[in-house]
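# Examining the three-dimensional arrangement
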Amino acid sequence: MKSPVELILAKRDGKVISSNEIKSFITDYLSGKIPEYQMGVLLMAIFFQGMEPEEIYALTDVYIHSGKTIQFPLEMHTTDKHSTGGIGDKISLMLAPIVAACGVPIPMISGRGLGHTGGTLDKLEAIPGFRTNFSDEEFIQMVHDVGFAIISQSSELVPADKRIYALRDVTGTVESLPLITASIMSKKIAEGAQNLVIDLKVGSGAFMDTFEKAQALAKMLVATGEKFGQRVAVVFSNMNSPIGEYAGNALEVLETVEYLQGKKIPDVDIITRSLAAEMLVLAGKVATREESEAMIDEVLKSGKALELFRKFVEAQGGNGAICDDTTLLPQAAHQIPIISQSEGWISAIDCRKIGYALVDIGAGRKKLDDVLDYSAGAFLPKKIGDMLSIGENMGTVYCSNLIQGQSVVAQILESYSISEVEITKPAIILERWNRWIKES
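Residues numbered from 1 in each chain as written. Predicted model: local features only at pLDDT ≥ 70, side-chain atom pairs only at ≥ 80, totals over all residues. Heavy atoms only, no water.

### Focus: the packing of helix H2 (residues 19-31) against helix H8 (residues 159-171)
Packing of H2 against H8 brings their axes to within 11 Å, and their N-to-C directions diverge by 80°. Classified by the angle between their axes, H2 and H8 sit roughly perpendicular to one another. Contact with H2, carried on its side by Ile26, Tyr29 and Leu30, involves Ala160, Arg163, Ile164 and Leu167 of H8 and no other residues of that element. Of the residues belonging to the contact of H2 with H8, the class tally is six nonpolar, no polar and one charged. (Axes fitted to C-alpha atoms, helices over the stretch in contact; angles between N-to-C directions. Helix = DSSP H or I, 4+ residues; strand = E, 2+ residues; numbered from the N terminus. Parallel < 35°, antiparallel > 145°, perpendicular 65-115°, else oblique. Contact = heavy atoms within 4.5 Å. Nonpolar A, V, L, I, M, F, W, Y, C, P; charged D, E, K, R; others polar.)

### Side note on the packing of H8 against helix H9 (residues 177-190)
With their axes 11 Å apart at the nearest point, H8 and H9 run at an angle of 150° to one another. Judged by the inter-axis angle, H8 sits roughly antiparallel to H9. Viewed along their axes, H8 and H9 form a crossing whose handedness is left-handed. The residues of H9 that touch H8, namely those facing Asp161, Tyr165 and Arg168, are Leu179, Ile180, Ser183, Ser186 and Lys187. Residue composition of the contact of H8 with H9, by class: three nonpolar, two polar and three charged. (Left-handed = near helix turned anticlockwise from the far one by under 90°.)

### A look at the nonpolar core
Formed by 84 residues in total, the largest nonpolar core has its most connected members in Phe148, Leu260, Phe312, Leu358, Val397 and Ile412. Those residues within four positions of Val397 in sequence are excluded, and the remaining contacts are His334, Gln335, Ile336, Ile338, Ile361, Gly377, Ala378, Gly405, Val408, Val409 and Ile412. One finds Tyr63, Ile70, Met76 and Ile164 within the second-largest nonpolar core, a separate group that totals 55 residues. (Core = buried A, V, L, I, M, F, W, Y, C linked by side-chain atoms within 4.5 Å. Buried < 20%, exposed > 50% of the residue type's maximum accessible area, 1.4 Å probe, protein only.)

### Quick notes on the packing of aromatic side chains
In total, this model carries ten aromatic pairs according to the counting rule given. Both rings, one in Phe72 and one in Phe139, keep their centres 6.5 Å apart while their planes meet at 75°; by these two values the pair is edge-to-face. Of the two residues, Phe72 is situated in the loop between helix H4 (53-64) and strand S1 (79-83) and Phe139 in helix H7 (residues 136-146); the sequence distance between them amounts to 67 residues. Neither residue differs from the other here; Phe72 and Phe139 are each classed as buried. In textbook terms, an aromatic cluster arises when at least three aromatic residues are bridged by ring pairs, as seen for Phe130, Phe148, Phe309 and Phe312. Over the face of the ring belonging to Phe134 we find Arg131, whose NZ or CZ atom lies 4.0 Å from the ring centre. Arg435 extends its terminal NZ or CZ atom over the ring of Trp436, reaching a point 4.4 Å from the ring centre. (Phe/Tyr/Trp six-rings, centres within 6.5 Å; stacked < 30°, edge-to-face > 60°. Lys NZ or Arg CZ within 6 Å of the ring centre and 35° of its normal.)

### Digging into the sheet that holds strand S9 (residues 377-379)
A sheet is described by the order of its strands in space; here four strands give the open sequence S6-S9-S11-S7, paired in antiparallel fashion. Here the strands that pair on one side only, and so sit at the sheet edges, are strand S6 (246-247) and strand S7 (334-339). When S7 meets strand S11 (residues 393-399), the two strands line up antiparallel, connected through six bridges. Of the residues in S11, the one forming a bridge with Ile338 is Gly395. Seen against the sheet, helix H16 (residues 402-414) touches S7, S9 and S11 and runs at an angle of roughly 25° to S7. (Pairing = 2+ DSSP bridges.)

### Observations regarding empty space enclosed by the protein
Taken as a whole, this structure holds two cavities of 30 Å³ or more when the rule is applied. Computed from the structure, the second largest cavity encloses a volume of approximately 100 Å³. In terms of lining residues, the second largest cavity is bounded by 13 residues, among which Ile22, Ile26, Leu42, Ile46 and Leu59 are the most central. Sorting the residues of the lining of the second largest cavity by element identifies H2, helix H3 (36-49) and H4 as the ones contributing at least two each. (1 Å grid on protein atoms, 1.4 Å probe; cavity = no way out; pocket = protein on both sides within 12 Å on 5 of 7 lines; lining within 4 Å. Points joined across faces, edges and corners; volume = space filled by probe spheres on them.)

### Points about helix H5 (residues 91-101)
Most of H5 is tucked away: ten of the eleven residues are buried. Within H5, burial applies to Ile91, Ser92, Leu93, Met94, Leu95, Ala96, Pro97, Ile98, Val99 and Ala100. Directly after H5, the chain includes Gly103, whose backbone phi takes a positive value near 100°.

### As for unusual backbone geometry
As a rule of thumb, non-glycine residues mostly have phi less than zero, and peptide bonds are mostly trans rather than cis. Within the chain, His77 stands out as a residue other than glycine whose phi angle is a positive 55°. Following the sequence through the fold, His77 ends up in the loop between H4 and S1. At Val158, a position not held by glycine, the phi torsion is positive, near 50°. With respect to the secondary-structure elements, Val158 resides in the loop between strand S3 (148-152) and H8.

### Notes on the pairing of strand S2 (residues 106-110)
For S2, the tally of buried residues reaches five of five residues, placing the bulk of the element in the interior. Burial along S2 is two-sided: the residues Ile106, Met108 and Ser110 and Pro107 and Ile109 are all buried. Inspection of the sheet shows S2 paired to S3 by five bridges, in the parallel sense. Among the inter-strand pairings, Pro107 is bridged to a residue of S3, identified as Ala149.

Listed below in structure tokens is the structure:
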């Protein structure tokens with residue numbers, strides 16, 4: 001077996017590391033035989049040289065088997081969704097009860113927000129009393145009893161990824177596509193999801209800022225999942241405008257409830273239905289995307305999805321009464337209007353800048369131990385292609401600190417580019433990959 005230095009040199013020079021060599025390196029790192037700095041150097045070599053499919057598979061396999069795995073009976077056809085993150089991306093919160101209400105169990109292990117994008121767990125923890133830390137046995141039982149559960153990653157599930165992800169964050173290697181692939185797929189396979197739909201965000205508010213990068217990542221995700229016997233579909237969605245109308249933890253829960261109650265939110269509806277269709281196909285509930293529409297309509301119009309969301313909130317310790325009265329969610333001390341200083345059509349939005357501005361008022365984190373202000377965020381209904389007039393109220397900032405909030409208003413205004421020429425509204429869904437679909 002080669003020494004750690006020999007393996008680092010091999011990867012530095014673009015050579016393929018064998019499955020056994022990857023396993024040995026990661027195992028020795030976790031046991032303390034290999035120091036942090038050598039692991040960091042290997043990550044940087046991978047960042048620059050990439051990995052071949054067999055290397056990505058081996059790394060994912062080591063991650064999965066570094067801890068416990070969760071198993072569900074094959075006949076359950078468990079299905080999950082993963083988003084690569086975006087501004088106002090609360091889609092998991094409405095998607096899970098809709099798909100579960102259609103009869104597809106969803107075991108979902110999610111993360112917290114860091115940087116410009118929010119985290120599903122943070123949004124849910126804005127609900128009074130809501131818990132995300134459960135044992136594997138409790139998680140399995142909730143999926144059986146409710147139809148879905150959304151919890152945090154335990155220390156026993158994929159511990160190698162948890163430790164190496166923290167190292168990637170401080171070594172500038174977070175954006176490595178092979179490392180992203182192993183991180184995502186190891187968790188989604190270890191949690192017991194037999195099918196997976198990836199919501200791959202593309203644009204100014206996403207980690208993948210070009211469609212080419214997004215496609216490259218998608219190919220790795222699909223190939224890796226299939227090697228483990230998991231069905232994987234990919235939906236490429238536009239992240240050049242904030243998703244929905246609200247960004248911020250409690251505000252996104254409010255929007256979730258409003259949507260499940262029947263409010264029409266065009267981009268949220270398009271993304272949610274698109275992902276739900278792929279999930280229902282993968283789980284064998286429908287053969288075509290068109291067939292899924294009737295099922296989705298039924299659980300929304302009948303209120304089944306909303307009631308399942310209530311049941312889910314209560315099962316995880318939260319106050320289900322928020323489904324009737326959203327004022328029970330944390331409320332901001334200040335609401336500051338965002339007044340347009342220009343006239344014309346919105347041609348571009350710097351979503352990443354908006355995300356970081358909202359971090360300044362506590363809606364997100366710069367460091368993992370930062371304390372969130374669950375009430376903080378913004379109402380941002382305007383999209384690319386919308387018309388603005390001078391003096392028009394184009395949104396609201398919700399905050400606890402008035403001075404900080406006024407600074408965020410200024411940063412948000414700077415994030416919008418205005419054109420004198422009318423701008424065509426861009427597509428929300430850019431492309432869909434699902435080889436198990438039956439085209440109608």
